[in-house]
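# Structural characterization, general
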Amino acid sequence: MIITGIAYIPGYLISFMVGSLLMDRQPEFKVEYPKQPVTVLIAAWNEEKNIGDTLRQLSKQDYEGDIQIILIDNNCTDSTVDVADQVAKELGLFLQVVTEKKAGKNYALNTALSYVETELMITLDADTLLHTSAIRFIVCRMMSAPEDVCAVAGAVLVRNSRQNIWTKIQEWDYFLAIASVKRLQGMYQQTLVAQGAFSLYRTKVIQEIGGWDDVIGEDIVLTWKFLKKGFRVFFEPLSVAFTSVPASFKSFSIQRSRWARGMIEGLKAVKPWQQPRMYGKYLTGVNLILPYVDAAYTFFWLPGLVLALFGIYWIAGPLTLLVLPITILSYMILYRYQKSVFRALDLKVRRNNTGFILFIIIYQIIMSPVSIYGYLQELLKLKRIWR
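Residues numbered from 1 in each chain as written. Predicted model: local features only at pLDDT ≥ 70, side-chain atom pairs only at ≥ 80, totals over all residues. Heavy atoms only, no water.

### Observations concerning the overall build of the chain
The criterion, for reference: Secondary structure elements follow DSSP: runs of H or I of four or more residues count as helices, runs of E of two or more count as strands, with numbering from the N terminus. Note on method: radius of gyration uses C-alpha positions; expected globular size equals 2.2 Å times residues raised to 0.38. Areas reported as accessible are Shrake-Rupley estimates using a 1.4 Å probe. Residue values count occlusion only from the protein chains shown. Charge counting follows a simple rule: Lys and Arg are positive, Asp and Glu are negative, and His as well as the terminal groups are ignored. Charged side chains are reduced to one point each, which is NZ for Lys, CZ for Arg, CG for Asp and CD for Glu.
Of regular secondary structure, the chain possesses twelve helices and eight strands. For 387 residues, the compact-globule formula gives about 21 Å, and the C-alpha radius of gyration of the chain, at 21 Å, lands near that figure. Principal-axis analysis of the C-alpha atoms places the extent of the chain at approximately 65 × 45 × 45 Å. A total of about 18100 Å² of accessible surface is found on the chain, and carbon and sulfur atoms cover 61% of it. Distance between charge centres in the chain, computed from 41 positive and 33 negative side chains, equals 7 Å.

In structure tokens form, the structure reads like this:
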């Protein structure tokens, strides 16, 4: 049980991901400059410091179609709406403000959904900055896809990576791990999370399934409901957005435990065997075993590491260090893919050696216990914590 949880399953999953990505060939766009009108939904709660920059980046998009923006005031007590109105007027943006008093992102987005009149819509976090070609590329992927593709997830990277050591570590998580998992799932046309931070949807499909559920992982449950209905969800690596990540261990723990809890909500809402497509069954089934892997890492691997420091090699020992070169090799392969994306977007990968080393050595040591906490929160039905 111990070896399976800390070695066999993680080793298989890493091998499957690297092997799949080595075979991945992103299909070319059939439409390079689409002109379909798009509505961008931005749910905001006290975002006066960020909303101006988010709107300015929207104004710089090289997209040739109309971009309409709906800002949802979700009980803001600061000047978010005033700042947004002022910036929109200065930049000539089409901005509509709607109000939803009931706290919760799902309520905010569902309220705005009734105002959307375009075939395509985007959800965007209020602290997220889009690359100038982000909307064009994400719509290109949708317009080049079959009719049963109802959503495309964008690539979300770290905006505040130079803030402190926590953000430096997370930069590599988003750049390598999260982006690679998204690309893997997109290759099998079953992306498991069209994340609310930046994704494109077919409006009518969201309306047909009743919008976003009242859960902490509303984007996860929404995506799995798409898959259950037989739709496919793509991922577009060239459609890049930069978001602010938690800068303290406490806020990081709250966010990641929330993600873990959201995954359990998704598994409860749609069981892996209920997915109609084979790859959907397989990829959501992988999530079914992740709690065991996290438990094995937390309760077996970490104690084994402590014992090894005292010369007791029951679980971990000197040969365990051989895992490091294998891990680094796999990340080098993933790095190659991401570097090609940056080259295509005329971006440069900034040096962050300290963050990379810490990401390799300690990241999973932190993540597994945090995820266990998230699973327990859902199991015990504890109060939801958003920030």
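### Topic: the packing of aromatic side chains
Defined as follows: Pairing of aromatic rings covers Phe, Tyr and Trp, the last counted by its six-membered ring, and requires centre-to-centre distances within 6.5 Å; plane angles under 30 degrees mean stacked, over 60 mean edge-to-face, and any other angle means tilted. Only Lys NZ and Arg CZ are tested; either one counts as a charge over a ring when it is within 6 Å of the ring centre and within 35 degrees of the ring normal.
Applying the stated criterion across every chain, the model contains 19 aromatic pairs. Counting every residue linked through ring pairs, the aromatic cluster contains Trp166, Phe249, Phe252, Tyr331, Phe359 and Tyr363. Of note, Arg136 hangs over the ring of Phe137, and the distance from its end group to the ring centre comes to 4.6 Å. Above the plane of the ring of Tyr337 lies Arg336, whose end atom (NZ or CZ) is 5.2 Å from the centre.

### Examining helix α5 (residues 134-143)
Note the following rule: Residue burial is assigned from relative accessible area. The probe radius is 1.4 Å, only protein chains are included, and a residue is buried under 20% of its type maximum, exposed over 50%, and partly exposed in between.
Of all ten residues in α5, nine are buried, a share of seventy percent or more. Taken together, the buried positions of α5 are occupied by Ala134, Ile135, Arg136, Phe137, Ile138, Val139, Cys140, Arg141 and Met142.

### Thoughts on empty space enclosed by the protein
The criterion, for reference: Each cavity reported here is a set of points on a 1 Å grid over the protein atoms alone in which a 1.4 Å probe fits but cannot get out, each pocket an open set with protein on both sides within 12 Å along at least five of seven lines, and each lining residue one with an atom within 4 Å of a point. Grid points are joined across faces, edges and corners, and a volume is the space filled by probe spheres set on the points.
For the structure shown, the criterion picks out one cavity of 30 Å³ or more. Within this model, the largest cavity holds a volume of roughly 30 Å³. Taken together, Leu21, Ala179, Ser180, Arg183, Leu334, Tyr337 and Gln338 make up the full set of residues lining the largest cavity. When residues of the lining of the largest cavity are traced back to their parent elements, those giving at least two are α6 (165-187) and α11 (323-344).

### Quick look at the pairing of strand β3 (residues 94-99)
To keep things clear, this is the line we draw: Strands are treated as partners if at least two bridges between them are detected by DSSP. When the strands point away from the viewer, a crossover counts as right-handed if the route from the first strand across the helix to the second turns clockwise.
With six bridges joining them, strand β2 (residues 67-73) and β3 adopt parallel strand pairing. Looking at β3, one finds that Asp73 is bridged to Thr99. One crossover worth recording links β2 to the parallel β3 by way of helix α3 (residues 80-91), and it is right-handed.

### Thoughts on the pattern of salt bridges
If charged atoms from side chains of opposite charge come close, those side chains can pair. Here is the rule we go by: Any Lys or Arg side-chain nitrogen found within 4 Å of a carboxyl oxygen on Asp or Glu counts as a salt bridge.
Across all of its chains, the model carries 16 salt bridges by this definition. For Lys35, the salt bridge is made with Glu64, and the minimal N-O distance between the two is 3.9 Å. Of this pair, Lys35 sits in the loop between α1 (2-23) and β1 (38-44) while Glu64 sits in the loop between α2 (51-59) and β2, and the two are 29 residues apart along the sequence. Residue Lys35 is classed as exposed on the basis of its relative accessible area of 58%. You can call Glu64 partly exposed: its relative accessible area is 46%. In the salt-bridge network here, residues are joined through shared partners; they are Arg261, Lys268, Glu378 and Lys381.

### Re the side chain of Ser371
The criterion, for reference: The contact definition used throughout considers only heavy atoms, calling two residues in contact when any of these lie within 4.5 Å.
Tracing the sequence through the fold places Ser371 in helix α12 (residues 353-379). Judged by its relative accessible area of 7%, Ser371 is buried. Ignoring any residue separated from it by four or fewer positions in sequence, one finds Ser371 in contact with Ala260 and Asp294.

### What to know about α2
Those residues of α2 lying buried are Ile51, Gly52, Thr54, Leu55, Gln57 and Leu58. Tucked into the core, α2 has its buried residues touching β1, β2, α3, β4 (120-124), β5 (128-130) and α5.

### With respect to the sheet that holds β1
Inclusion rule: Only C-alpha atoms enter the line fits that serve as axes; for helices the fit covers just the stretch in contact. Angles between N-to-C directions range over 0 to 180 degrees.
Taken in spatial order, the eight strands line up as β3-β2-β1-β4-β7-β6-β8-β5 in an open sheet, and their pairing is mixed. Bordering the open sheet on either side are β3 and β5, each of which pairs with just one other strand. Sheet twist, expressed as the average angle between the axes of neighbouring strands with direction ignored, equals 30°. Examined bridge by bridge, β1 and β2 share seven bridges and lie parallel to one another. When the sheet's bridge partners are listed, Ile42 is paired in β2 with Leu71.

### Digging into the nonpolar core
Quick note on the threshold: Joining through side-chain atoms within 4.5 Å is the link that ties buried Ala, Val, Leu, Ile, Met, Phe, Trp, Tyr and Cys residues into a set, and such a set is a nonpolar core.
Ranked by internal contacts, the top residues of the largest apolar core, which has 105 residues, are Ile42, Leu55, Leu58, Ile72, Ile135, Phe198 and Phe226. Per-element accounting of this core gives the leading share, nine residues, to strand β6 (residues 149-158). When residues no more than four places from it in sequence are discounted, the contact partners of Leu58 are Val40, Ile42, Ile67, Ile69, Leu124, Leu130 and Ile135. In terms of nonpolar packing, the next biggest core, distinct from the first, is built from five residues, Tyr297, Trp301, Leu302 and Ala308 among them.

### Here we look at a nonpolar patch on the surface
Cut-off, in case you're wondering: Like-charged residues within 9 Å of one another, or nonpolar side chains (Val, Leu, Ile, Met, Phe, Trp, Tyr) within 5 Å, are grouped into patches, provided each residue has over 30% relative accessible area and no salt bridge.
A contiguous nonpolar surface patch, about 660 Å² in accessible area, is contributed by Leu321, Leu324, Ile328, Leu329, Met332, Ile357 and Ile361. Those elements that provide at least two residues to the nonpolar patch are α11 and α12. Among the elements that make up the nonpolar patch, the one with the highest residue count is α11 (four residues). Residue placement: Ile361 occurs in helix α12. The exposure class of Ile361 is partly exposed, given its relative accessible area of 48%.

Nothing here speaks to function; it is geometry throughout.
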